[in-house]
Amino acid sequence: MKNSDQIKLEILQLTKEYYQMKKTEDSMQESQTRRIDYAGRVYDEKEMVNLMDSSLEFWLTSGRYTKQFEKQFARFLGVKHCYTCNSGSSANLLAFMSLTSPLLKDRRILPGDEVITVAAGFPTTVAPIIQYGAVPVFVDITLPEYNIDCSQLDEALTDKTKAVMIAHTLGNPFDLGVLKKWCEEHQLWLIEDNCDALGSKYYVDGKWKLTGTIGDIGTSSFYPPHHMTMGEGGAVYTNNHLLSKIILSLRDWGRDCYCPSGVDNTCCKRFNGQHGQLPFGYDHKYVYSHFGYNLKITDMQAAIGCAQLEKLDSFISARINNWDYLRKQLQPLDNVLVLPEPNEKSQPSWFGFLIGVKGDAGFTRDNIVEHLEKHHVQTRMLFAGNLIMHPCFDTMREDQRGFRQIGDLANTNFAMNQSFWIGVYPGMTEDKLDYMIEVIKQFVQTASMEHS
């Protein structure tokens, strides 16, 4: 009679066989249709075996795989503290809300304080600022880097400014050398939304450092299009011990205790402390020092992440190579297209290939996007384009009491009106890249002939 361990091994072996069979079937189906997705999951039997292994353990919340992933991801980044959460958006929420903690005293962000950011990005980089009652101050971006224009920082600064919170656009690091120094001079927090830039590097303080580890807090997303995936999932990381303590508290209901779920009295003060106005000795596992959330991942997600992390270096290399290939092949079209450029002192781990259409090109962004989509090449906008133009800002825009902007955000509007991007994810083959290049070149050639 088989025992449970033997049955488990059989299930895991069958999982491997299922993956191989399904992969063959999917490859046959894909060969019959030409569709170039902008992103996608890249995985093999290891992710599926880990997922099955975790599900058989049936530890449905964070567990051993979560601990393993947090430890290994922190090692990859070279940071002291790393905590997983259920999405990149939640990671941004935790990062920002940690800066509102009373434990930060004079450096705490209060409602009405200002946070410098950009409107050319994803809404959940900005949403926590607004939801808390702080004031986002929008500065413009530079072209063709599509990152924050640091020349506007001094104009954006007031005595209410407490932090800068921005993303590295599509994997292209913003000017961390200038921004980090400026934040230090003015005693401002710096949050790096690293969700689209995992593996990107910037040369600062005399050496190459991974983005997300240079500011005070970094965030990552593990949504399927990103550099690695758990399906849903995110992470927050820092080298600051106090911020680490606050982030962990906020993620886990706001509790004061740091004992893992199911573990008692790691802190050695479970029944012998005075906390607030509670009775002396009140169970420390149920003492709350912040108004927090429950944003933990499941161990099944982390199990997938552990397998993905083993492939991360190869994923990054593939993204860089695919971007370089597109950049070289599309260079002859720079008379009508604004082609992307990396920031100086950076080594981007690209999320996508961003293309702008020049005003005198003879065609519009919408024209070329329609052509690409018609020929089964997926495109994406630069997320919100200009965030303050969206319906969620309608009531705020009437009196601008909820935000400020510096200048007319001309380059941000260019991104909204005249740019789009295509994929460089590791699932891209050279054949797919060549097809995209061919479709773009054919469109430009035809449009140029019609325009002339």
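Up top you'll find the structure we're talking about.
Scoring rules and cut-offs
Residues numbered from 1 in each chain as written. Predicted model: local features only at pLDDT ≥ 70, side-chain atom pairs only at ≥ 80, totals over all residues. Heavy atoms only, no water. Helix = DSSP H or I, 4+ residues; strand = E, 2+ residues; numbered from the N terminus. Rg over C-alpha atoms; globule rule 2.2 N^0.38 Å. Contact = heavy atoms within 4.5 Å. Pairing = 2+ DSSP bridges. Axes fitted to C-alpha atoms, helices over the stretch in contact; angles between N-to-C directions. Buried < 20%, exposed > 50% of the residue type's maximum accessible area, 1.4 Å probe, protein only. Arc of directions from axis to C-beta. Polar contact = N/O pair within 3.5 Å; in protein donor to acceptor, adjacent residues only side chain to side chain. Core = buried A, V, L, I, M, F, W, Y, C linked by side-chain atoms within 4.5 Å. Lys, Arg positive; Asp, Glu negative; His and termini not counted. Salt bridge = Lys/Arg side-chain N within 4 Å of Asp/Glu carboxyl O.

A word on the overall build of the protein
Here's step 1: Per the secondary structure count, the protein includes 13 helices and 14 strands.
Here's step 2: Over its C-alpha atoms the protein spans a radius of gyration of 24 Å, differing by no more than 12% from the 22 Å that the globule rule assigns to 452 residues.
Here's step 3: Taken along the three principal axes of its C-alpha coordinates, the protein extends 85 × 70 × 45 Å.
Here's step 4: When contacts within the protein are restricted to residue pairs at least 6 apart in sequence, long-range pairs at least 24 apart make up 73% of them.

Points about the sheet that holds strand β14 (residues 419–423)
Here's step 1: With respect to topology, 3 strands assemble into an open sheet ordered β10-β12-β14, the strand pairing being antiparallel. Each of the sheet's edge strands pairs with one partner strand only, and the pair in question is β10 (337–338) and β14.
Here's step 2: When strand β12 (residues 352–357) meets β14, the two strands line up antiparallel, connected through 5 bridges. Residue pairing in the sheet places Ile355 in a bridge with Phe420 of β14.
Here's step 3: Those strands touched by helix α9 (residues 299–330) are β12 and β14, and its axis lies near 25 degrees from that of β12.

Quick word on helix α10 (residues 365–374)
Here's step 1: Among all positions in α10, only Arg365, Ile368, Val369, His371 and Leu372 are buried. Considered in projection along α10, the buried side chains sweep an arc of 160 degrees and stay on one side of the axis. Residues of α10 that are exposed and point more than 90 degrees away from the buried face comprise Glu370 and Lys374.
Here's step 2: Taking the backbone nitrogen of Asp366 as reference, a side-chain oxygen 3.3 Å away marks Thr364 as the first, capping residue of α10.
Here's step 3: Phi turns positive one or two residues past the end of α10, at His376, with a value near 70 degrees.

Things to note about the sheet that holds strand β1 (residues 81–85)
The strands that make up a sheet pair up through hydrogen bonds in the backbone, lying either parallel or antiparallel.
Here's step 1: With respect to topology, 8 strands assemble into an open sheet ordered β1-β9-β8-β5-β4-β2-β3-β13, the strand pairing being mixed. The open sheet has two free edges, formed respectively by β1 and β13 (404–405), since each of these has just one partner strand.
Here's step 2: The pairing of strand β3 (residues 135–139) with β13 spans 2 bridges and is classified as parallel. Note on β13: the bridge partner recorded for Phe138 is Gln405.
Here's step 3: Across the sheet, helix α7 (residues 176–185) lies against β2 (114–118), β4 (161–167) and β5 (189–193), angled at about 150 degrees from β5, the strand it touches most.

Some remarks on the nonpolar core
Here's step 1: Judged by nonpolar contacts, the single largest core of 34 residues is most densely connected at Ile116, Tyr146, Ile148, Val164, Leu179 and Trp182.
Here's step 2: Every element with two or more residues in this core is listed here: β2, β3, α6 (153–156), β4, α7, β6 (201–204) and α12 (410–418).
Here's step 3: Tallying contributions element by element places α7 first for this core, with 4 residues.
Here's step 4: Non-local contacts of Val164, meaning those with residues more than four positions away in its chain, are made with Val115, Ile116, Leu179, Trp182, Cys183, Trp189, Leu190 and Ile191.
Here's step 5: Residues Trp323, Leu372, Tyr435 and Ile440 belong to the second largest nonpolar core, which totals 32 residues.

As for the side chain of Glu145
Here's step 1: By secondary structure assignment, the location of Glu145 is in the loop between β3 and α6.
Here's step 2: Although Glu145 lies buried, it forms no salt bridge, and the closest oppositely charged side chain, Arg327, sits 10.0 Å away as judged by the N-O distance.
Here's step 3: Polar side-chain contacts of Glu145 include one of 2.9 Å to the side chain of Thr142.
Here's step 4: With sequence-adjacent residues up to four places away left out, Glu145 is seen in contact with Asn172, Glu341, Pro342 and Asn343.

Some details on unusual backbone geometry
Here's step 1: The omega torsion of the bond from Leu143 to Pro144 falls at 10 degrees, within 30 degrees of zero and hence cis.
Here's step 2: Here Pro144 shows up in the loop between β3 and α6.
Here's step 3: Positive phi is not limited to glycine here, since Asp205 has a value of about 55 degrees.
Here's step 4: Relative to the elements of secondary structure, Asp205 occurs in the loop between β6 and β7 (207–210).

Some words on the side chain of Ser346
Here's step 1: Its location among the elements puts Ser346 in strand β11 (residues 346–347).
Here's step 2: Take Ser346: its relative accessible area is 13%, and that puts it in the buried class.
Here's step 3: In this structure the side chain of Ser346 is engaged in a polar contact, spanning 2.5 Å, whose partner is the backbone oxygen of Asn343.
Here's step 4: Among all residues touching Ser346, those that are not within four sequence positions of it are Asn172, Pro173, Lys201, Tyr202 and Trp208.

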